[in-house]
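Residue-level structure breakdown
One letter stands for each residue in the lines below.
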Amino acid sequence: MSLSKYINPYTDFGFKKLFGEEANKDLLIDFLNTLLPEKHLIKDLSFRNPEHLGATPSERRAIFDVFCEANSGEKFIVEMQKEDQEFFKDRSLYYAAYPVREQGWKGKDPETGGLWDFELKTVYFVGILDFIFDKNDPEPSLISEVSLKDQRGRVFYNKLQFIFIQMPLFHLKESDLKTRQDKWLYFLKYLPSLDHIPSILKEQVFEKAFHTAEVAVMSQAERDRYEQESNDYLTYWATISTAEKRGIDIGKTEGRVEEKIDIARNLKKEGFDPKLIARTTGLSPEEIERLD
């Protein structure tokens, strides 16, 4: 497969290359600050190892794309999600609970000698989605901001914030870009199809982002890994597209187990990759292997 000039940020490798490396944390800061209120703008941040979260080994299975902490204490989980999932909202809440729980401590504060009073720092979950998560919404929003509210619509708790960016709803052209947020979303959506830096993005932070995203400057090992992930990404969407054209309704597979099995059986008969069938239906590879 011939690779494009710039990496696809919807791949795990591409996203972490842009936003998950220490040398590029200024890119992440600049992007996040286009989404945050004035009081939570980030001046500096440090990356956290997501595998260290969780009280037990089983809890540490939740691995995020990027987990970081601002120098003022706010914590951020940033996820690039290319495929819809049946319990996507549940998964987002489950992930966000980790940096909430990790703030608790037992015993006395070694510096003050006092006991923890349950005060928490704000936690943000930022999801960049390559799909629309609520297809029944008659007026879906490009950016959905979610917080905990009471029955009157008043904010009950403002230290757990969710920001979901539904990228299929971004349609601005280069000539329509006005804000820094517009520019970042344009960069993320169209990066793989560009072969040069658009004039409106010739700013220091974006020039660095484009340079970071150049496939030509990668090591051979990086190129090999990226090429494999890029192939997986294209194969996934080809599978979805072909299944839809052939009348196989994969949807979110929210129905009974029997319906998921029927969908998996149809996909298997059509010759689709078992790994993609598993990812699409939620069935295990072993269950799919047993299907006739």
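Below or above, wherever it landed, is the structure these notes cover. (Residues numbered from 1 in each chain as written. Predicted model: local features only at pLDDT ≥ 70, side-chain atom pairs only at ≥ 80, totals over all residues. Heavy atoms only, no water.)

1. A few points about the packing of aromatic side chains
The full count for this structure, using the stated rule, is 21 aromatic pairs. The interplanar angle of 70° and the centroid separation of 5.9 Å between the aromatic rings of Phe 31 and Trp 184 together place this pair among those described as edge-to-face. Note that Phe 31 is positioned in helix H2 (residues 25-33) and Trp 184 in helix H4 (residues 180-190), a separation of 153 residues in sequence. Take Phe 31 and Trp 184: they sit in the same class, and that class is buried. For the ring pair Phe 187 and Phe 210, a centre distance of 5.0 Å and an interplane angle of 90° mean the geometry is edge-to-face. Of this pair, Phe 187 sits in helix H4 while Phe 210 sits in helix H5 (residues 204-213), placing them 23 residues apart in sequence. (Phe/Tyr/Trp six-rings, centres within 6.5 Å; stacked < 30°, edge-to-face > 60°. Helix = DSSP H or I, 4+ residues; strand = E, 2+ residues; numbered from the N terminus. Buried < 20%, exposed > 50% of the residue type's maximum accessible area, 1.4 Å probe, protein only.)

2. Notes on the sheet that holds strand S2 (residues 66-70)
Taken in spatial order, the six strands of this open sheet run S1-S2-S3-S4-S6-S5, and their pairing is mixed. At either margin of the open sheet sits one strand with a lone partner, and together these are strand S1 (45-47) and strand S5 (143-149). Mean inter-strand twist for the sheet, computed between neighbouring axes without regard to direction, equals 20°. (Pairing = 2+ DSSP bridges. Axes fitted to C-alpha atoms, helices over the stretch in contact; angles between N-to-C directions.)

3. A word on the environment of Pro 192
Mapped onto the fold, Pro 192 is located in the loop between H4 and H5. Note on Pro 192: relative accessible area 24%, which makes it partly exposed. Spatially, the C-alpha atoms of Pro 192 and Ala 213 are 9.2 Å apart, while their sequence positions differ by 21 residues. Contacts of Pro 192, omitting those with residues within four sequence positions, involve Ser 4, Tyr 6, Ile 7, Asn 8 and Pro 9. (Contact = heavy atoms within 4.5 Å.)

4. Some words on the packing of H4 against H5
Relative to each other, H4 and H5 sit at 10°, their axes nearing to 12 Å. Judged by the angle between their axes, H4 and H5 are roughly parallel. Across from Arg 180, Lys 183, Trp 184 and Phe 187 in H4, the residues of H5 making contact are Val 205, Phe 206, Ala 209 and Phe 210. Tallied by class, residues from the contact of H4 with H5 come to six nonpolar, no polar and two charged. (Parallel < 35°, antiparallel > 145°, perpendicular 65-115°, else oblique. Nonpolar A, V, L, I, M, F, W, Y, C, P; charged D, E, K, R; others polar.)

5. Details of the pairing of strand S6 (residues 155-166)
One ladder, built from seven bridges, connects strand S4 (residues 123-129) with S6; its direction is parallel. Each residue of the ladder has a partner; that of Val 126, found in S6, is Ile 163. Linking two consecutive strands that pair antiparallel, namely S5 and S6, is a turn of five residues; a positive phi of about 80° is found at Gly 153 within it.

6. Remarks on the pattern of salt bridges
Pairing is possible between side chains that carry opposite charge, provided their charged atoms lie close to one another. Tallied over the entire structure, the rule returns 17 salt bridges. Measuring nitrogen to oxygen at the nearest pair gives 3.1 Å for the salt bridge that ties Asp 150 to Arg 154. Here the salt bridges share partners, and the residues they tie into one network are Asp 12, Lys 16, Arg 225 and Glu 229. (Salt bridge = Lys/Arg side-chain N within 4 Å of Asp/Glu carboxyl O.)

7. Overview of H4
In an α-helix, one turn spans 3.6 residues; hence positions three or four apart end up facing the same way. Asp 182, Lys 183, Trp 184, Leu 185, Tyr 186, Phe 187 and Leu 188 are the residues of H4 that are buried. Looking at the buried side of H4, the elements it contacts are helix H1 (12-19), H2, S4, S6 and H5.

8. Thoughts on the side chain of Arg 91
Topologically, Arg 91 is positioned in helix H3 (residues 88-101). For Arg 91, a relative accessible area of 19% translates into the label buried. Apart from the residues within four sequence positions on either side, Arg 91 is in contact with Glu 79, Gln 81 and Gln 85.

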